[in-house]
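Coordinate inspection notes
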Amino acid sequence: MTQQKFHIRKVAVLGAGVMGAQIAAHLANAKVPTVLFDLAAKEGSKNAIVDKALAALKKQKPAPLADSRAIAYIRAANYADDLAELKDCDLVIEAVAERLDIKESVYAQVAPHLGEHTIFATNTSGLPIETLSSKFPAELKHRFCGVHFFNPPRYMHLVELIPTAATGPAYLDNLERFLVSTLGKGVVRAKDTPNFIGNRIGVFSMLATIHHTQAFGLRFDVVDDLTGKRLGRAKSATYRTADVVGLDTFAHVAKTMETSLPNDPWHRYFGTPAWLQALIDNGALGAKTKAGIFKKEGKRIMMFDPAAGDYVPSNQKADAAVTEILKEADWGKKLAALRESEHPQAQFVWALFRDVFHYIAVHAKDIATTARDIDFAIRWGFGWDLGPLETWQAAGVQQVAAWIAEDIAAGKTMSDAPLPELFTRIDAFHTDEGSLNFTTGQYDARSDLDVYRRQYQPARLLGERRRDLGDTVLQTEVIRAFTLDGRVLVVENRNHMGAVSGAVLDGLNQALDIAEAQYDALVLWAPEAPFSVGADLKSMMPAFATGDFAAIEATVKQFQDTAMRLRYSRIPTVAAIQGFAFGGGCEFVMHCNQVVAALESYIGLVEVGVGLIPAGGGTKEFALRAARASQGDLLAALKERYLNLAMAKVAASALEAKETGHLQDNAVVVFNAYETLYVALSEARAMADAGFRPEVPQTFKVAGRPGAASIKGQLVNMKEGGFISEYDFYLGSQIAWVMTGGDVDEGTVVDEQWILDLERKVFVSLLQQEKTLERIENMLATGKPLRN
């Protein structure tokens, strides 16, 4: 489907503050022409306010812009001169300050200039949508709705869509299509209640955590250790998340709950603690001011201690007895153990779960239509692996309900509100039939909006049975190949993290045999991130240990041959990727005839981190691409790509990967990762229908000994400047030797196999170096590179 079918081709964003500018940036990432408005500046250029916001986008981390060229899609504008541009905008997103009077003033200015079918969406995190709609002209109310992006908009999957009673269903559907497919978002339709769904529950969870932190006398660093990855939640956990969001922003959202929900049974949780208000008053707002609950002093992380009223070293972790409980995979056993333990940290964690479950049960009917809405809102908006109702279901719905009832009876809960009757008789929130509707008690199927037909395997909820797609054609221990249409063979690498082992290579070659004999095309697909973290080094350890380098070289040769087969197969090959595509995974991607990449694909040849060089064709491919792009200056083109290998450069988006050379310019970038297979199949069929024939193996010129010497001169400067280690210098020299063609003259014409042979020779020799083995062992032990 095209953007034109969604009827949204050009967008205006009103308000160039943090959210407005970043929403505009993400629209620009998607190549949507965007007009960013703000007030006319009183001095200098009238667009100075917007110009300043655009300049800030280029410096922010994490980067709102997916590549350096995206900002060209944003035009600066001001309300004094440019309102006429609104008539050509199919969507206007209002993101001005969260004050009713300011929004009303903006509405009065812009409404007369809107196009005949323009959708007007207010990006508010807390103001009632019906109240805002009441300030909009009556004849336009059917095109007015709420849209709530989560910060930062590029990276957070969740967008809440909030209709009013007057919003036209067709306008809402068109906006949902645009958000899902063009911007790549997970849309949840929310009710018009304070803080909608995500913040209502997610911020409640954080406020409950703050309350119980004080009640159990715990430190902020201990709480963050307990409430992050150990619970399957964001690494930033609770207090670091507040710092990232901004303490002032977090307090504002909490204040909305405090003022808008005066009769909420948990109202006591919503007040801003004195220590938090003091930090805000002192300008310690979190990451954006480089100090908040945590701050960095030199190399030390400091933590605010409310008791001391000052910062202390952040150096404590959760107790081992409690972390052992949290390792339990069975949620029923885990929650039972937490509840039964007398350890205050265990009691603390149980109290968090109990309060969130209890809160949702009491309010679910008012804030959401289905359990699906709640779980996706929290997963996509707060980074939880499982939504709260999925966790409840995993532990046993009625068992947890009984525990909550016991705690209510024992006076352990903030509220004595009983669980609604519905929650005392169901056994699941999610089933194959659908997700629980809190009003009807039935199980509602997913949306039938046409845009979701592009998602062959959408995000799955616990309780929905996982089904293999299509008809299985090949099944090995680590490879599954299937077809959806009888024309294209789709191959999944099911090895852990998509690592490429000998078994994966065998299975992929079997799939290629079948595809070449029976199908029109082949797609390499990862149903979820990562696509591949690269070669399965762990599987090679026995050969390392015994010194069987002949076996290792044979595996590397098979890897190279497989990559070349992907390039020169008689049928088109397409890689459909998302998440990490590192090392060998990247090399497979680089050798496929076409690539369909989710925007948030992070692609790089990172072998130097384990003391090796790319030897599955990656070094060869960069040398080849440099030669093709040289335009008479081979060494200049080579050096640019060489640095990407030597410094293990990882492209921070699929768009950036085109700039770094990891992807070709014709690669297709898809913003919704759940659509990669749909688009990849379309690309594969189109290539086959166009009469695809592979290229002949390439020959190209290399820079030879003079080129290697020039690059080594650059390495000497980097080593002497302390930017690289002695061993980095050695590795860099080896990469230079391979990329320039080895011991040959400048301008020598070589074929691909020549460079592949050099790659393989150097790779095997490096495996015999002690420092390389140290790097490999460190990576396997810690997951982090060692620069020795």
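This is a predicted model, so every value here is computed, not measured.

Cut-offs applied
Residues numbered from 1 in each chain as written. Predicted model: local features only at pLDDT ≥ 70, side-chain atom pairs only at ≥ 80, totals over all residues. Heavy atoms only, no water. Phe/Tyr/Trp six-rings, centres within 6.5 Å; stacked < 30°, edge-to-face > 60°. Buried < 20%, exposed > 50% of the residue type's maximum accessible area, 1.4 Å probe, protein only. Salt bridge = Lys/Arg side-chain N within 4 Å of Asp/Glu carboxyl O. Helix = DSSP H or I, 4+ residues; strand = E, 2+ residues; numbered from the N terminus. Polar contact = N/O pair within 3.5 Å; in protein donor to acceptor, adjacent residues only side chain to side chain. Contact = heavy atoms within 4.5 Å. Disulfide = S-S within 2.5 Å. Pairing = 2+ DSSP bridges. Axes fitted to C-alpha atoms, helices over the stretch in contact; angles between N-to-C directions. Patch = residues over 30% accessible without salt bridge, like charges linked within 9 Å, V, L, I, M, F, W, Y side chains within 5 Å. Areas by Shrake-Rupley, 256 points an atom, 1.4 Å probe, with all protein chains shown as cover. Parallel < 35°, antiparallel > 145°, perpendicular 65-115°, else oblique. Left-handed = near helix turned anticlockwise from the far one by under 90°. Nonpolar A, V, L, I, M, F, W, Y, C, P; charged D, E, K, R; others polar. pLDDT = per-residue confidence, 0-100.

On to the packing of aromatic side chains. Scanning the model with the defined rule gives 32 aromatic pairs in all. Seen from their ring centres, F304 and Y311 are 5.6 Å apart, and the 75 degrees between their planes marks the pair as edge-to-face. Looking at Y311, the relative accessible area reads 16%, which means it is buried. One aromatic cluster is present, formed by W331, F353, F357, W392, F423, F429 and F438 through successive ring pairs.

Applying the stated criterion across every chain, the model contains 56 salt bridges. One salt bridge in this structure joins E85 and R75, with 2.1 Å as the shortest N-O distance. Residue E85 is located in the loop between β3 (74–78) and β4 (91–94), and its partner R75 is located in strand β3; the two are separated by 10 residues in the primary sequence. Where salt bridges share partners, they join R339, R354, D355, E406 and D407 into one cluster.

This part takes up the side chain of H157. Looking at where H157 falls in the secondary structure, it is placed in the loop between β6 (144–149) and β7 (158–163). With relative accessibility at 19%, the residue H157 sits in the buried group. There is a polar contact of 3.2 Å between the side chain of H157 and the backbone oxygen of G184. In this structure H157 touches G184, K185, G186, W380, N672 and Y674, once residues within four positions along its chain are discounted.

Further remarks concern the state of the cysteines. Enumeration according to the criterion identifies zero disulfides in this entry. With no disulfide of its own, C586 lies 11 Å from the sulfur of C592, the closest cysteine sulfur. Taking the relative accessible area as the measure of exposure, C586 reaches 0% and is therefore buried. Accessibility expressed as a relative area gives 7% for C592, which makes it buried.

Let us look at the sheet that holds strand β11 (residues 310–313). Taking strand neighbours across the sheet as the criterion, the three strands line up as β9-β10-β11 in an open arrangement whose pairing is antiparallel. Here the strands that pair on one side only, and so sit at the sheet edges, are β9 (294–297) and β11. Ignoring strand direction, the axes of neighbouring strands in this sheet form an average angle of 40 degrees. Two elements, β9 and strand β10 (residues 300–305), share four bridges in a ladder whose sense is antiparallel. Its bridge partner being in β10, E297 is matched across the sheet by R300.

Okay, the environment of D520 next. Structurally, D520 is set in the loop between α18 (502–518) and β17 (521–525). Residue classification places D520 among the partly exposed positions, given a relative accessible area of 33%. When sequence neighbours within four positions are dropped, the list of residues in contact with D520 reads R487, I571, P572 and A688.

Attention now moves to the environment of G246. Counting through the fold element by element, G246 comes out in the loop between α9 (239–245) and α10 (247–260). Sequence spacing of G246 and I280 is 34 residues, and the spatial spacing of their C-alpha atoms is 9.4 Å. With residues near it in sequence (within four places) discarded, G246 still touches L285 and K288.

What follows deals with the sheet that holds strand β8 (residues 186–189). What the eight strands build is an open sheet, ordered β3-β2-β1-β4-β5-β6-β7-β8; its pairing is mixed. Edge strands, defined here as strands with exactly one partner in the open sheet, are β3 and β8. Mean inter-strand twist for the sheet, computed between neighbouring axes without regard to direction, equals 25 degrees. Judged from the five bridges that link them, β6 and β7 form a sheet pairing that is antiparallel. In the strand pairing of β7, V147 is matched with L161. Packed on one face of the sheet, helix α3 (residues 48–57) meets β2 (34–38) and β3 and runs near 150 degrees to β3. Sheet strands touched by helix α4 (residues 100–110): β1 (11–14), β4, β5 (119–122) and β6. Its angle to β5, the strand with the most contacts, is close to 165 degrees.

On the surface, a nonpolar cluster with roughly 220 Å² of combined accessible area is contributed by M497, V533 and F580. Mapped onto the secondary structure, V533 falls in the loop between β17 and α19 (537–546). Overall, the relative accessible area of 30% leaves V533 in the partly exposed class.

Bringing unusual backbone geometry into the picture now. The omega angle of the peptide bond from N151 to P152 is 0 degrees, so this bond is cis rather than trans. For P152, the position within the fold is in the loop between β6 and β7. Looking along the chain, the bond that leaves A529 and enters P530 is cis, with omega of 0 degrees. When you line up the elements, P530 lands in the loop between β17 and α19. Notably, M497 is not glycine yet its phi reads approximately 60 degrees, a positive angle. Among the secondary structure elements, M497 is positioned in the loop between β16 (488–493) and α18. The exposure class assigned to M497 is partly exposed, which follows from its relative accessible area of 36%.

To continue, consider the packing of helix α13 (residues 331–340) against helix α17 (residues 397–409). Where α13 contacts α17, the two axes come as close as 11 Å, and the packing angle between them is 15 degrees. In terms of orientation, α13 lies roughly parallel with respect to α17. As for how α13 packs across α17, the hand of that crossing is left-handed. Packed against α13, whose contacting residues are G332, L335, A336 and R339, the element α17 presents V400, W403, E406 and D407 at the interface. Residues belonging to the contact of α13 with α17 are distributed by class as follows: four nonpolar, one polar and three charged.

Chain-level pLDDT for the protein is 95 on average; 99% of the residues reach the 70-or-more range. Note on residues 1–5: pLDDT under 50 across the span, and 12 contacts to partners over four residues away in sequence or across chains.

In this section: the packing of helix α20 (residues 549–568) against helix α28 (residues 752–766). The contact between α20 and α28 brings their axes to 10 Å, and the two run at 150 degrees. In terms of orientation, α20 lies roughly antiparallel with respect to α28. Seen along the crossing, α20 lies across α28 with a hand that is right-handed. Of the residues in α28, those in contact with F549, I552, E553, V556, K557, Q560, M564, R567 and Y568 of α20 are E752, Q753, L756, E759, R760, F763 and V764. In the contact of α20 with α28, the residues fall into eight nonpolar, two polar and six charged.

Next up on the list: the side chain of N123. Residue placement: N123 occurs in the loop between β5 and α5 (129–133). In this structure the side chain of N123 is engaged in a polar contact, spanning 2.9 Å, whose partner is the backbone nitrogen of F149. In contact with N123, not counting residues within four places along its chain, are M19, I23, I93, E94, A95, E98, V147, H148 and F149.

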